[in-house]
Amino acid sequence: MGSEYDPVFGPTEANVDDLEDVRALFARASSPFTRSPWSWWTWAVVLPIVALATRPLLARYGPSAPVVAWCSGIILAGVVEMWVVRSGAGRGRTTLAVWVLRSQANLSFVGVVISAALIGFGRAGALPGVWLLILGHSFLLLGGLAFRPFRRAGWIYQLAGLGALLPGQDGLVWFAAATALGNLSIGLAVRALRTD
């Protein structure tokens, strides 16, 4: 006779690791992003250049110049990423991939809201650290399920985000170093995956 403490969907099986099935699904959904290292290496170059150019551009041309530089850099690297993702075998999008991209878009929206609040309160210097924490969270969350090197990059971003928020630290230097190292490491891992 059953009780209210019995599993709802029947007895659990001993030694069954259903997490491996989930990992396989996430790995398949992330395969467009592990197809080629070039998008990761593009991010590893573009983001640090823009981060390190932010202050000189601001000093010389005013606030609109860094905004244009960031938008241009993100669009450039995004175009490379889109080209790499779309140059694959042409498999249709999976429901899981769509869900992951939507949750990433939601996380980006939260980042934009936090960024606007920081700028409004005169704390724009915290932006690099906050964005490193957001990016790191994203990579840590999905990394253990999709592609383990994402997790390593997530730790790099999280630790650098904390470093960037410490008093007296230059957040843009932390951001440049973390995005160079994190994206380079993912690119190298993708290249190793594709050459095995």
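Residues numbered from 1 in each chain as written. Predicted model: local features only at pLDDT ≥ 70, side-chain atom pairs only at ≥ 80, totals over all residues. Heavy atoms only, no water.

Peer 1: If you had to explain the overall build of the chain to someone new, which residues and values would you point to?
Peer 2: Secondary structure summary: the chain contains seven helices and zero strands in total. Along its sequence from the N terminus, the chain presents helices and strands in the succession α-α-α-α-α-α-α. When the 196 residues of the chain are sorted by exposure, 37% land in the buried category. Summarising the internal contacts of the chain: among those between residues at least 6 apart in sequence, 74% fall at separations of at least 24. (Helix = DSSP H or I, 4+ residues; strand = E, 2+ residues; numbered from the N terminus. Buried < 20%, exposed > 50% of the residue type's maximum accessible area, 1.4 Å probe, protein only. Contact = heavy atoms within 4.5 Å.)

Peer 1: Summarise the packing of aromatic side chains; cite the residues concerned and give the values.
Peer 2: Applying the stated rule across the entire model yields seven aromatic pairs. Note on F139 and Y157: the rings are 5.7 Å apart at their centroids and 90° apart in plane angle, and the pair reads as edge-to-face. Remark: Y157 occurs in helix 6 (residues 148-164) and F139 occurs in helix 5 (residues 127-146); sequence separation between them is 18 residues. For F139, a relative accessible area of 16% corresponds to the buried category. Here F147 and F150 contribute two aromatic rings whose centre-to-centre distance is 5.2 Å and whose plane-to-plane angle is 80°, an arrangement assigned as edge-to-face. The class for F150 is buried, based on a relative accessible area of 7%. Among the aromatic side chains, those forming a connected cluster through ring pairs are W40, F139, F147, F150 and Y157. (Phe/Tyr/Trp six-rings, centres within 6.5 Å; stacked < 30°, edge-to-face > 60°.)

Peer 1: Describe the environment of P149, listing the residues and the values that go with them.
Peer 2: Within the secondary structure layout, P149 lies in helix 6. A residue is classified by how much of its surface remains accessible, and P149, at 12% relative accessible area, is buried. Put simply, P149 and I186 are 37 residues apart on the chain and 5.8 Å apart in space, counted from C-alpha to C-alpha.

Peer 1: Could you give an account of the side chain of S36, naming the residues involved and the relevant values?
Peer 2: If you trace the backbone, S36 turns up in the loop between helix 1 (19-29) and helix 2 (38-61). By relative accessible area, S36 is classed as buried at 14%. Looking at S36, its side chain comes within polar contact range of the main-chain nitrogen of W38, at 3.2 Å. With residues near it in sequence (within four places) discarded, S36 still touches V84 and V190. (Polar contact = N/O pair within 3.5 Å; in protein donor to acceptor, adjacent residues only side chain to side chain.)

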